[in-house]
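# Examining the three-dimensional arrangement
The lines below spell out each chain.
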Amino acid sequence: MDEMEEELKCPVCGSFYREPIILPCSHNICLACARNILVQTPDAESPQSSRASGSGVSDYDYLDLDKMSLYSEADSGYGSYGGFVSAPTTPCQKSPNGVRVFPPTVPQPPPQQHLLPQPGSLPPIPRNSCITCPQCHRSLILDDRGLRGFPKNRVLEGVVDRYQQSKAAALKCQLCEKSPKEATVMCEQCDVFYCDPCRLRCHPPRGPLAKHRLVPPAQGRISRRASPRKISTCTEHELENLSMYCVQCKTPVCYQCLEEGKHGTHEVKALGAMWKLHKGQLSQALNGLSDRATEAKEFLVQLRNMVQHIQENGVEFEACLVAQCDALIDALNRRKAQLLARVNKEHEHKLKVVRDQISHCTVKLRQTTGLMEYCLEVIKENDPSGFLQISDALIRRVHMTEGQWGKGTLTPRMTSDFDLTLDSGPLLQTIHQLDFVQMKVPAAPMLQLEECCTQNNSATLSWKQPPLSTIAVDGYILELDDGTGGPFREVYVGTETICTVDGLHFNSTYKSRVKAFNASGVGQYSKTLIMQTSEVAWFTFDPASAHPDIILSNDNLTVTCNSYDDRVVLSNSAFSRGVHYWEMTIDRYDNHPDPAFGIARADVLKDVMLGKDDKAWAMYVDNNRSWFMHNNSHTNRTDGGISKGSTIGVLLDFSRGIVIFLINDEQQGPVAFEGLEGVYYPAISINRNVQVTLHTGLPIPDFYTPGEADPTGSVC
């Protein structure tokens with residue numbers, strides 16, 4: 001609870017709060033300190049302030065707070081809820097906590113009379129007195145009620161009282177017969193303080209006593225002395241109890257405020273319900289702040305470990321440097337001092353950066369922990385109205401403090417490595433040019449998984465260097481295996497950090513990795529990434545490789561021709577492994593032409609029927625029969641032709657090295673071709689009397705059983 005102590009001290013006097021009051025800006029101040037920092041403004045009031053005082057609007061109005069003129073470092077003046085009133089320039093002083101305090105211009109009691117007078121004996125507040133918050137510097141002109149118009153923060157007063165009680169003398173065991181020992185625990189159910197021997201003897205952790213809750217003595221003292229709920233009265237109607245909560249003004253109100261005051265038309269809710277609601281909101285906000293505090297503690301451990309690593313690495317680096325410099329005898333001795341100075345400077349710079357970050361994070365964590373403990377103590381308070389007076393401000397502070405632990409706050413600003421290596425190769429005559437050079441290979445790159453993906457038979461990989469790495473990189477080497485668990489092979493060498501590899505096998509699992517290199521050598525590999533290509537082949541006709549007379553449409557899935565001669569078009573994907581099946585439907589069939597369907601090499605002739613040369617394996621068909629053709633050799637004439645609406649299927653099985661043709665889901669003839677190896681593109685040849693649409697991504701026909709997979713299939 002030591003971290004919470006700063007939350008319990010007045011920003012003016014630096015001591016624990018005594019009868020704290022809540023300013024409209026939600027900050028707190030001792031009542032006596034508030035009177036000491038009052039400033040009297042000129043007698044003449046502005047029209048705005050006159051209208052404000054004449055309207056009967058309460059000073060304690062959080063809704064109008066946002067409209068209040070503010071005092072800041074950039075402007076000079078004091079504001080009221082109704083408008084802006086200029087104030088004379090007043091020299092400021094410093095409080096024990098370092099905040100600005102504006103000395104009063106009215107007569108003040110002597111310093112020895114700083115104690116707060118008894119209620120009812122306060123001297124009258126001079127007319128037009130102004131108070132400035134010592135924390136946010138917002139200013140307010142007091143009305144006739146003076147400081148009595150500000151509500152008392154009974155919750156904070158209760159927390160201060162319990163905290164001071166917990167700091168009192170150590171509690172003694174209540175069961176020791178002679179010379180009571182210091183208590184170590186307190187049983188909440190028994191309401192008894194125990195030392196360790198008495199706890200073991202009188203309160204063993206078994207039977208019914210096993211369910212009792214034992215707490216530290218300080219916590220037990222606080223819970224034992226928790227103050228009972230006090231009945232709160234209205235600041236404007238002192239005889240009325242606060243019973244409702246004004247949602248618009250965000251303040252507890254009494255029955256008379258609703259009947260006669262400005263809250264009559266406002267939305268109000270039950271005080272108890274809003275008390276529970278705001279407690280829940282504060283607890284929920286504390287959960288997020290608690291996570292940030294936990295991360296900050298872990299981050300501090302990391303930073304402290306970095307200090308140790310920096311020291312160890314610095315010592316090791318200095319030892320290597322000294323050994324190399326001593327080997328160069330007299331000429332190197334003069335240079336050695338200069339190099340050691342550089343190393344020490346780098347060493348101290350790293351330590352300074354990390355220690356500064358530790359100090360900054362420690363202060364912020366201390367403030368966060370103090371706020372958390374203070375909020376937890378506030379949540380324990382059972383005064384609804386008092387709690388609701390400060391809950392909104394606390395919730396805002398918790399959210400704001402959580403936001404301060406944003407992205408980058410918990411990231412080290414410095415690496416613990418010394419990325420310098422001494423090059424002892426230069427000759428003695430060039431020793432005056434001796435300097436540090438980079439001799440380390442790059443660190444292993446990091447694959448950016450969110451940007452790595454596969455599409456059809458292409459894979460895209462992205463990577464980057466570790467964020468704290470300062471070693472130069474000349475380029476990268478990307479490697480993939482063959483999709484069957486074989487050896488890796490280089491597929492890209494260059495400076496880019498993203499690469500797309502096309503032409504992979506469908507329904508294959510590839511392993512990929514990347515490494516960086518520079519003049520010193522090649523670094524370690526990244527982690528291996530496993531990528532799966534599409535199970536079935538999706539492809540279209542390729543306009544880039546098609547004959548000029550070919551006409552493509554429907555996203556390159558539909559093809560026809562503007563020539564009476566046969567013209568060839570290939571697909572945009574090639575196959576060399578696996579089992580693949582695709583179909584083509586006849587959209588138009590005039591004058592009984594002979595379209596040809598099959599597979600071909602990339603360098604097939606494009607101005608003759610498919611199968612005329614030795615680069616294509618095809619079936620050509622008319623309205624009555626079909627033939628298989630390769631290298632202008634016609635075989636296996638089979639009855640059965642095509643017409644408009646017919647479907648031609650092509651099944652290519654590399655596990656058996658065969659191709660089979662189908663017409664309207666029925667196999668057309670025997671196995672067309674065997675012994676197929678290498679890389680093949682789906683292909684057709686047509687003339688202007690035919691229009692065909694391609695269908696891909698189809699499953700293997702049910703009648704066909706694929707052969708054994710060939711683990712040595714070629715790689716395209």
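Everything discussed here concerns the structure shown above.
Scope of this entry: the structure provided in the associated data block.

Conventions we followed
- Residues numbered from 1 in each chain as written.
- Predicted model: local features only at pLDDT ≥ 70, side-chain atom pairs only at ≥ 80, totals over all residues.
- Heavy atoms only, no water.
- Helix = DSSP H or I, 4+ residues; strand = E, 2+ residues; numbered from the N terminus.
- Buried < 20%, exposed > 50% of the residue type's maximum accessible area, 1.4 Å probe, protein only.
- Contact = heavy atoms within 4.5 Å.
- Areas by Shrake-Rupley, 256 points an atom, 1.4 Å probe, with all protein chains shown as cover.
- Phe/Tyr/Trp six-rings, centres within 6.5 Å; stacked < 30°, edge-to-face > 60°.
- Lys NZ or Arg CZ within 6 Å of the ring centre and 35° of its normal.
- Expected span 1.5 Å × (residues − 1).
- Bend = angle between axes of the 7 residues up to and from the residue.
- Axes fitted to C-alpha atoms, helices over the stretch in contact; angles between N-to-C directions.
- Parallel < 35°, antiparallel > 145°, perpendicular 65-115°, else oblique.
- Left-handed = near helix turned anticlockwise from the far one by under 90°.
- Nonpolar A, V, L, I, M, F, W, Y, C, P; charged D, E, K, R; others polar.
- Pairing = 2+ DSSP bridges.
- 1 Å grid on protein atoms, 1.4 Å probe; cavity = no way out; pocket = protein on both sides within 12 Å on 5 of 7 lines; lining within 4 Å.
- Points joined across faces, edges and corners; volume = space filled by probe spheres on them.
- Salt bridge = Lys/Arg side-chain N within 4 Å of Asp/Glu carboxyl O.
- Core = buried A, V, L, I, M, F, W, Y, C linked by side-chain atoms within 4.5 Å.

### What to know about the overall build of the protein chain
Across its full length, the protein chain carries 9 helices and 39 strands. When each of the 716 residues of the protein chain is scored for burial, the buried share is 46%. Long-range contacts, defined here as pairs at least 24 residues apart, represent 65% of the contacts in the protein chain between residues at least 6 apart. Taken as a whole, the protein chain presents about 35,900 Å² of accessible surface, with 51% of it coming from carbon and sulfur.

### Quick notes on the packing of aromatic side chains
What the rule picks out here adds up to 13 aromatic pairs. Measuring from ring centre to ring centre gives 6.0 Å for Phe575 and Trp582, while their planes differ by 40 degrees; the resulting arrangement is tilted. For Trp582, a relative accessible area of 1% puts it in the buried group. What links up through ring pairs into an aromatic cluster is the set Phe506, Phe539, Phe575 and Trp582. When the ring centre of Phe418 is taken as reference, the NZ or CZ atom of Lys350 above it lies at 5.5 Å. Over the aromatic face of Tyr525 sits the side chain of Arg513, whose NZ or CZ is 3.7 Å from the ring centroid.

### Describing helix α9 (residues 384-404)
Because an α-helix packs 3.6 residues into every turn, residues spaced three or four apart end up facing the same way. Here α9 spans 29 Å end to end across 21 residues, near enough to the 30 Å set by a 1.5 Å rise per residue. At Ser391, α9 shows its largest bend, some 40 degrees.

### Re the packing of helix α7 (residues 271-327) against α9
Running from N to C, α7 and α9 point in directions that differ by 25 degrees, and their axes come no closer than 9 Å. When the axes of α7 and α9 are compared, the pair comes out roughly parallel. Between α7 and α9 lies a crossing whose hand is left-handed. Contacts between α7 and α9 involve Leu271, Met274, Trp275, His278, Lys279, Gln281, Leu282, Ala285, Leu286, Gly288, Leu289 and Arg292 from the former and Pro384, Ser385, Phe387, Leu388, Ser391, Asp392, Leu394, Ile395, Val398, His399, Thr401 and Glu402 from the latter. By residue class, the composition of the contact of α7 with α9 is 13 nonpolar, 7 polar and 4 charged.

### Digging into the pairing of strand β39 (residues 690-695)
Sheet topology note: the strand β28 (residues 558-561)/β39 ladder contains 2 bridges and is antiparallel. Each bridged residue has a counterpart across the sheet, and for Thr558 the counterpart in β39 is Thr693. Bridge count between strand β30 (residues 579-589) and β39: 6 bridges; the pairing is antiparallel. Bridge pairing links Arg588 to Gln691 in β39.

### Here we look at the sheet that holds strand β14 (residues 251-254)
Across a sheet, strands are paired by hydrogen bonds formed along the backbone, either parallel or antiparallel in direction. One open sheet accounts for 3 strands, arranged β14-β13-β15; its pairing is antiparallel. The sheet is open, and its two borders are formed by β14 and β15 (268-270), each paired with just one other strand. On average, each strand axis in the sheet is inclined to that of its neighbour by 50 degrees, with strand direction left out of account. Note that strand β13 (residues 242-246) and β15 share 3 bridges and pair antiparallel. From the neighbouring strand, Tyr245 faces β15, where its bridge partner is Lys269.

### Quick look at the layout of surface pockets
The gaps of empty space that remain are located by a probe, the size of a water molecule, rolled over the atoms. Its volume calculated, the largest pocket comes out at about 940 Å³. If you trace the largest pocket, you find 32 residues lining it, with Glu7, His27, Gln135, Leu371 and Arg397 closest to the centre. Taken together, the elements giving at least two residues each to the lining of the largest pocket come down to α8 (329-380) and α9. The element best represented in the lining of the largest pocket is α9, accounting for 8 residues. The residue makeup of the lining of the largest pocket, split by class, is 13 nonpolar, 11 polar and 8 charged.

### Side note on the pattern of salt bridges
Two side chains bearing opposite charge may form a pair once their charged atoms approach each other closely. Counted by the stated rule, this structure contains 17 salt bridges. Across the pair Glu346 and Lys350 runs a salt bridge whose closest N-O atoms are separated by 3.6 Å. Taken together, the residues Glu346 and Lys350, both in helix α8 and 4 residues apart, mark about one turn of the helix. Under the relative-accessibility criterion, Lys350 is labelled buried at 3%. Two residues, Glu479 and Lys515, come together in a salt bridge whose shortest N-O distance is 3.9 Å. Residue Glu479 is located in strand β21 (residues 475-480), and its partner Lys515 is located in strand β24 (residues 509-518); the two are separated by 36 residues in the primary sequence. Both residues of the pair, Glu479 and Lys515, belong to the buried class.

### Considerations on α7
End to end, α7 covers 83 Å across 57 residues, agreeing with the expected 84 Å (1.5 Å per residue, within 8%). Two residues or fewer past α7, Ile329 is found with a positive phi of approximately 55 degrees.

### As for unusual backbone geometry
Positive phi is not limited to glycine here, since Asn632 has a value of about 65 degrees. When you line up the elements, Asn632 lands in the loop between β33 (625-630) and β34 (633-639). Among the residues examined, Asn632 registers a relative accessible area of 40% and is labelled partly exposed. The phi dihedral of Asp665 falls on the positive side, at around 70 degrees, and the residue is not glycine. Inspection of the secondary structure assignment puts Asp665 in the loop between β36 (658-663) and β37 (666-667). A residue is classified by how much of its surface remains accessible, and Asp665, at 55% relative accessible area, is exposed.

### Comments concerning the sheet that holds strand β31 (residues 596-600)
Judged by pairing direction, the sheet is antiparallel, and its 6 strands sit side by side in the order β29-β38-β31-β32-β33-β34 without closing on themselves. With one partner strand each, in any of the chains shown, β29 (567-570) and β34 form the two edges of the open sheet. The mean inter-strand angle of the sheet, taken between neighbouring strand axes irrespective of direction, is 20 degrees.

### Quick look at the nonpolar core
In this structure, Ile29, Ile131, Leu147, Leu282 and Tyr374 are the most contacted members of the largest nonpolar core, which totals 72 residues. Contributing elements (two or more residues each) for this core: β1 (20-22), β2 (28-30), α1 (31-36), α3 (154-166), α7, α8 and α9. By residue number, the principal contributor to this core is α7, which donates 18 residues. Sequence-distant contacts of Ile29, defined by excluding residues within four places in its chain, comprise Cys10, Val12, Tyr17, Glu19, Pro20, Ile21, Leu23, Ala34, Ile37 and Pro134. Ranked by size, the runner-up nonpolar core spans 37 residues in total, among them Cys561, Ile586, Ile599 and Val659.

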